[in-house]
Amino acid sequence: EIGRLSRLEVLNLTNNVLTGSIPSALGALASASVLLKGNDQIRGKHGNNIAPLSLCSSVPGFDLSNDPIWCPPERNALKKIYDEAGGQDWIRDDGWVDEFNNHCTWYGIECNEENNVIKLALENNGLSGRISNAIASLMSLETLHLRGNDLKGSIPYDIGKLLNLSSLQLSHNFLTGSIPPGFLNLSQLEMMHLHGNRLRGTVPILTSKGINESSFIADCGSPSDFDTPVDCPNCTMCCNRLQQCDTQEEIVQVEALAVKVMLGVLGFLILVAMTSLLRKRKMTLDSSLFHFIFGLCTRKESPC
């Protein structure tokens, strides 16, 4: 097979009348320049103009790699996401990284009419490793659900580029590090679940588009794994390290009750102190009166 020509430096087949599909074996020529422009009769395996995924993602010298029809950039980004999140061990990966399948048919993917990814939902699917920075390349993404996996590392710094993101669920993973400042750009968020991780820092104030008390959740409750919990001014619910979650209203009620209890205890202590002081004064007065009367009665001209 041509893919076994490991020492091949240039494969120039430009401006011919080649037909059929591009063989996926060309994806093994990682160090070669693969030149196919000018062959208008070649097609993808399923009759479309999609080149093999390995050729687009693994061969920098492929002359059609920057052509969004032959090599859809979002397909390359999804392959990076797959590789960096332990894709081979996922519970379900139907269609993923197939050489010729349209990426919009892969499990957990939903696209719009322009074949741009608008939804990536892989919750409880055995993902491990980390969330690839390539996620920021899915510019039309509206829904990102990765909760309930074994993802580690930090939230991608460029997540703030996903300006259309409305639902973000990263809860119950093992994510660490600080909340990226780019969260400030996510003005379309209606749901954000970050709890059940080991994140630190501040969640920037978001435009309040939450629809219910569980819209924005983070580890902003106490006790925390750190000296101070996550600061989340817009969160509608805060969770602590014991996985106990309370709404902001409940937290305010608990804090108000705590203040009342403290004031009650303080009032009680003041009352006890005043009572004790009054008793001491009364005892002092009684003692003085007794000595006065006793002194009168012991005089010779005592009226007693």
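Look up: the structure comes first, before these words.
My aim in this report is to walk through the structure given alongside it, one point at a time. Keep in mind it's a predicted model, so treat the numbers as computed, not measured. (Residues numbered from 1 in each chain as written. Predicted model: local features only at pLDDT ≥ 70, side-chain atom pairs only at ≥ 80, totals over all residues. Heavy atoms only, no water.)

## A closer look at the overall build of the chain
- When its secondary structure is counted, the chain shows three helices and 15 strands.
- Out of the 304 residues belonging to the chain, those deemed buried represent 38%.
- Surface accessibility of the chain: about 17400 Å² in total, with carbon and sulfur atoms responsible for 54%. (Helix = DSSP H or I, 4+ residues; strand = E, 2+ residues; numbered from the N terminus. Buried < 20%, exposed > 50% of the residue type's maximum accessible area, 1.4 Å probe, protein only. Areas by Shrake-Rupley, 256 points an atom, 1.4 Å probe, with all protein chains shown as cover.)

## Some thoughts on the sheet that holds strand β1 (residues 10–12)
- Overall, parallel pairing links the three strands, which are arranged β1-β3-β5 in an open sheet. The sheet terminates laterally at β1 and β5 (61–62), the two strands that pair on one side only.
- Bridge count between strand β3 (residues 33–35) and β5: two bridges; the pairing is parallel. Each residue of the ladder has a partner; that of S33, found in β5, is G61. (Pairing = 2+ DSSP bridges.)

## Overview of the layout of surface pockets
- The space that makes up the largest pocket amounts to roughly 210 Å³.
- For the lining of the largest pocket, the residue count by class is five nonpolar, seven polar and three charged.
- Reported here for the second largest pocket is a volume of approximately 160 Å³.
- What lines the second largest pocket is a set of 17 residues, and nearest its centre among them are N197, D219, D225, N240 and R241.
- In terms of residue class, the lining of the second largest pocket is made up of six nonpolar, seven polar and four charged. (1 Å grid on protein atoms, 1.4 Å probe; cavity = no way out; pocket = protein on both sides within 12 Å on 5 of 7 lines; lining within 4 Å. Points joined across faces, edges and corners; volume = space filled by probe spheres on them. Nonpolar A, V, L, I, M, F, W, Y, C, P; charged D, E, K, R; others polar.)

## A closer look at the nonpolar core
- By size, the foremost hydrophobic cluster in this structure holds 47 residues, and its most contacted members are W96, L120, L168, F183, M192 and L194.
- Among the elements that line this core, the one with the most residues is helix α2 (residues 73–84), at four residues.
- Setting aside residues no more than four positions away along its own chain, M192 makes contact with L168, F183, V203, L206, S215, F216, I217, C232 and C235. (Core = buried A, V, L, I, M, F, W, Y, C linked by side-chain atoms within 4.5 Å. Contact = heavy atoms within 4.5 Å.)

## Re unusual backbone geometry
- Residue P223 is reached from S222 by a cis peptide bond, and omega for that bond is 0°.
- A positive phi angle, close to 65°, is found at N115, a residue other than glycine.
- Tracing the backbone through its elements, the reader meets N115 in the loop between β6 (109–111) and β7 (117–121).
- Note on N115: relative accessible area 38%, which makes it partly exposed.
- If you check the backbone angles, Q243 has positive phi at about 60° while not being a glycine.

## Structural notes on the sheet that holds strand β9 (residues 167–169)
- Strand order in this open sheet of eight strands is β6-β7-β8-β9-β11-β13-β14-β15, and the pairing throughout is mixed. Each having just a single partner strand, β6 and β15 (245–247) make up the two edges of the open sheet. Sheet twist, expressed as the average angle between the axes of neighbouring strands with direction ignored, equals 15°.
- Where β9 and strand β11 (residues 191–193) come together, three bridges link them in parallel fashion. Residue pairing for β11: Q169 is matched across the bridge by H193. (Axes fitted to C-alpha atoms, helices over the stretch in contact; angles between N-to-C directions.)

## Some points on the state of the cysteines
- Throughout the structure, instances matching the rule amount to five disulfides.
- C220 shares a disulfide with C238; S-S distance 1.9 Å. Here the S-S torsion is close to -95°, and the disulfide linking C220 with C238 is therefore left-handed. Taken together, the residues C220 in the loop between β13 (216–218) and β14 (237–239) and C238 in strand β14 connect sequence positions 18 residues apart. Across this residue pair, the class does not change: C220 and C238 are buried.
- Linked covalently through their sulfurs, C232 and C235 form a disulfide whose S-S length is 2.0 Å. For the disulfide bridge between C232 and C235, the dihedral angle about the S-S bond is near 80°, and by the sign convention the bridge is right-handed.
- Relative accessible area serves as the criterion here: at 3%, C235 is assigned to the buried category. (Disulfide = S-S within 2.5 Å.)

## Focus on the packing of aromatic side chains
- Overall, the coordinates contain four aromatic pairs when judged by the stated rule.
- Taking 5.8 Å as the distance between ring centres and 15° as the angle between the ring planes, the aromatic pair formed by Y82 and W96 counts as stacked. Of this pair, Y82 sits in helix α2 while W96 sits in the loop between α2 and β6, and the two are 14 residues apart along the sequence. Residue Y82 shares its accessibility class with W96, and that shared class is buried.
- On the numbers, 5.1 Å between centres and 40° between planes, the contact of W96 with W106 is tilted. On the criterion of sequence distance, the pair formed by W96 in the loop between α2 and β6 and W106 in the loop between α2 and β6 is long-range, its members being ten residues apart.
- Residue class for W96 comes out buried when judged on its relative accessible area of 5%.
- The exposure class of W106 is buried, given its relative accessible area of 1%.
- An aromatic cluster of at least three residues, connected via ring pairs, comprises Y82, W90, W96 and W106. (Phe/Tyr/Trp six-rings, centres within 6.5 Å; stacked < 30°, edge-to-face > 60°.)

Honestly, that's just the spatial picture; any functional story needs more than this.
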